[in-house]
Amino acid sequence: MSGAYEIVKTARSTRRPTSMDFISGIFSGFMELHGDRRFADDRAIVGGLARLGERAVTVIGIEKGHSTRERMLRSFGAPQPEGYRKALRLMKQAEKFRRPVISFIDTSGAYCGIGAEERGQGQAIAENLMEMMTLRTPTISIVVGEGGSGGALALGAADRVWMLENAIYSVISPEGCASILWKDASKAETAAEVLKLTARDSLRGGLIDEVISEEGLGEERFWHRLRGKLTEALRELEAMSPETLTEARYRRFRAIGTDRKEG
Amino acid sequence: MSILNFLLQPKNELEAGGRSALPVQGDEGEPEKTCPNCHRSLPLSRLWAQQNTCDCGHHYRMTARQRLSYLADPGSWRELFTDVASLDPIGFPGYGEKLSSARLNSKEAEAVLCGTASVGGQDCCLYVMEPYFMMGSMGTAVGEKLTRLFEYALEHRKSVVGFAASGGARMQEGLYSLMQMAKTSGAVKRHSDAGLFFLSVLTDPTTGGVTASFASEGDIILAEPGATVGFAGARVVEQTTRKALPKGFQTAEFMLEHGFVDAIAPRRGQRALIAKLLHLHEGGKQP
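Concerning the packing of aromatic side chains
Applying the stated criterion across every chain, the model contains 12 aromatic pairs over all chains. Measuring from centroid to centroid gives 6.1 Å for phenylalanine 22 of chain A and phenylalanine 222 of chain A, while their planes differ by 80°, and the two rings are edge-to-face. Placement of the pair is phenylalanine 22 of chain A in helix α2 (residues 19-26) and phenylalanine 222 of chain A in helix α11 (residues 220-238), with a sequence separation of 200 residues. The pair formed by phenylalanine 22 of chain A and phenylalanine 222 of chain A is uniform in burial state, with each residue classed as buried. With a centroid separation of 5.2 Å and an interplanar angle of 75°, the aromatic rings of phenylalanine 249 of chain B and phenylalanine 254 of chain B are classed as edge-to-face. Like phenylalanine 249 of chain B, the residue phenylalanine 254 of chain B is buried in the burial classification. Cluster of aromatic residues (ring-pair linked, three or more members): Phe22, Phe27, Phe104, Phe222 and Trp223 of chain A. Taking the ring centre of tyrosine 250 of chain A as reference, the NZ or CZ of arginine 190 of chain B above it sits at 3.7 Å.

Right, here's the structure in full:
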């Protein structure tokens, strides 16, 4: 068993805290706000208002659920276009009221289905990316479990992107990669290794800003530590004007894959 | 063979419609291709003369250069950012060889061409993706070239016309590829916020991370008839849902019906349509 695949299994474990656990662990007074105001309320994405200490924040999370029943209700954390549109609605609301947006990412990918295609899954993700890049309020995104491709990035174009120690972030699932490369999904272990999908790999490449240690994961001391980190990061980001903030965010993503020396 | 026929003759098989149908030797000695739609065989020179479309209206895939030769006013194409080449950021096994053979086969350095041109007398920035370079997949070089093009267009206050043809993000560059979706979206947004016009044309195929980023971010989105346009792969959708896919699922026409495309733009008349749209957006170029 490869090291990377061990991490993939950990990231996917049903015993791992989900986005809802993070929300209730870190924030107080969470009030969920439903619906995209266009078509439906996607249960795979939760969002709403909460407090971080004294500060009002908008929180959004891709939720997988714990029990089988709940996981089915939440499509195993695979959002429909409505989920991404709800997230965008809440982000625009946060911008209006100058609230920071904190997002929790945990998905194997955007929902794959006929309805999702009919309602523009690609367009929904594209619009989120475009709008997030110029959102005039601080944004922090944390990959807490699986960061599966475009469906994860749709909440990930943020000022700060963090990953939990055993989270993964990848352009394709190891199984998908293995079936394309070797026509054999069972070679996922090898694929996990070559995809460089761990938090450490992502940090080394400058793709994310910080790896969050999982010491005490799910316990109050863990939430306390995250609360402190978020408060500190928001203090930095809130000191910037909206222009400086969006410029820095643009530069952050603009710099990825720009170095052409080896070309 | 007349001089006209000579000029119109495709230089290789790719230019004559690509691998989707192999040419066969016709009665008169000229290679022909059989249309997958109407099953009629047409000589390559005829296909080439009608912009790689069959008499029945089937649109064959074509190379980026071939598209440029139909699209840009003669002599107006000026290519930009040709020095941008792919890296192997995660040291993916076999990627170096794959890149070399893609370069050799397509005779292009990467899966997108960027530059300036005039189309029907209208100046614009232009990108054309190359489906014969690793299925037009977006890695760091494609992302970087597109980002530079939108930045260039912003600086020079130009409209952007783009032709998408892509299987999505390039797996071999891992998370770096995925991040190009955010990077290009940021560049499109800045261009857009400055009141500038982006016309996105979806050609066969436009899928995955390209559908989920810049290709869906045009002020106006056109699609070529019959082009595959979607996010998730059709086979994956079928396997996940265990349902028969509706007829015409993930085609340009399906996207039109569901409201994600402004119009279907057949190649015949496409150039005039693009010129007209560019002309209609002239006002947006005023600072």
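Regarding the side chain of serine 141 of chain A
Residues and elements named next belong to chain A. Note on placement: serine 141 falls in strand β5 (residues 139-148). The exposure class of serine 141 is buried, given its relative accessible area of 1%. Beyond its immediate stretch of four places on either side in the chain, serine 141 contacts Ser103, Ile105, Met132, Leu155, Gly156, Ala158, Arg160, Val161 and Trp162.

A word on the sheet that holds strand β10 (residues 263-264) of chain B
Within a sheet, adjacent strands bond to each other through the backbone by hydrogen bonds, running parallel or antiparallel. Residues and elements named next belong to chain B. In spatial order, the strands read β4-β5-β6-β7-β8-β9-β10; together these 7 strands make up an open sheet with mixed pairing. The open sheet has two edge strands with one neighbour each: β4 (78-80) and β10. By the bridge criterion, 4 bridges tie strand β8 (residues 198-206) to strand β9 (residues 220-223) in an arrangement that is parallel. The residue bridging leucine 199 from the neighbouring strand is isoleucine 220, located in β9. Contacts from helix α3 (residues 64-71) reach β4, β5 (112-119), β6 (122-129), β7 (160-166) and β8, with the element oriented near 160° to β6. Across the sheet, helix α5 (residues 140-155) touches β4, β5, β6, β7 and β8, and the angle it forms with β5 is around 30°.

A short note on α5 of chain B
Every α-helix winds through 3.6 residues per turn, so residues three or four apart in the chain are directed the same way. Residue and element names in this part refer to chain B. Compared with the 22 Å implied by 1.5 Å per residue over 16 residues, the 22 Å span of α5 between its first and last C-alpha is a close match. α5 sits mainly inside the fold: 12 of its 16 residues count as buried. Those residues of α5 that fall on the buried side of the exposure criterion are Thr140, Ala141, Val142, Gly143, Glu144, Lys145, Leu146, Thr147, Leu149, Phe150, Tyr152 and Ala153.

Comments concerning the packing of helix α6 (residues 121-133) of chain A against helix α6 (residues 174-193) of chain B
Relative orientation of the contacting elements α6 of chain A and α6 of chain B amounts to 65°, with a least axis distance of 8 Å. In terms of orientation, α6 of chain A and α6 of chain B fall into the roughly perpendicular class. Note that α6 of chain A runs across α6 of chain B; the crossing there is right-handed. For the pair α6 of chain A and α6 of chain B, contact is made by Ile125, Ala126, Leu129, Met130, Glu131 and Met133 of chain A and by Met181, Ala182, Ser185, Gly186, Val188 and Lys189 of chain B, respectively. Looking at the contact of α6 of chain A with α6 of chain B residue by residue, the classes come out as 8 nonpolar, 2 polar and 2 charged.

Conventions adopted
Residues numbered from 1 in each chain as written. Chains lettered and ligands numbered in written order. Predicted model: local features only at pLDDT ≥ 70, side-chain atom pairs only at ≥ 80, totals over all residues. Heavy atoms only, no water. Phe/Tyr/Trp six-rings, centres within 6.5 Å; stacked < 30°, edge-to-face > 60°. Helix = DSSP H or I, 4+ residues; strand = E, 2+ residues; numbered from the N terminus. Buried < 20%, exposed > 50% of the residue type's maximum accessible area, 1.4 Å probe, protein only. Lys NZ or Arg CZ within 6 Å of the ring centre and 35° of its normal. Contact = heavy atoms within 4.5 Å. Pairing = 2+ DSSP bridges. Axes fitted to C-alpha atoms, helices over the stretch in contact; angles between N-to-C directions. Expected span 1.5 Å × (residues − 1). Parallel < 35°, antiparallel > 145°, perpendicular 65-115°, else oblique. Left-handed = near helix turned anticlockwise from the far one by under 90°. Nonpolar A, V, L, I, M, F, W, Y, C, P; charged D, E, K, R; others polar.

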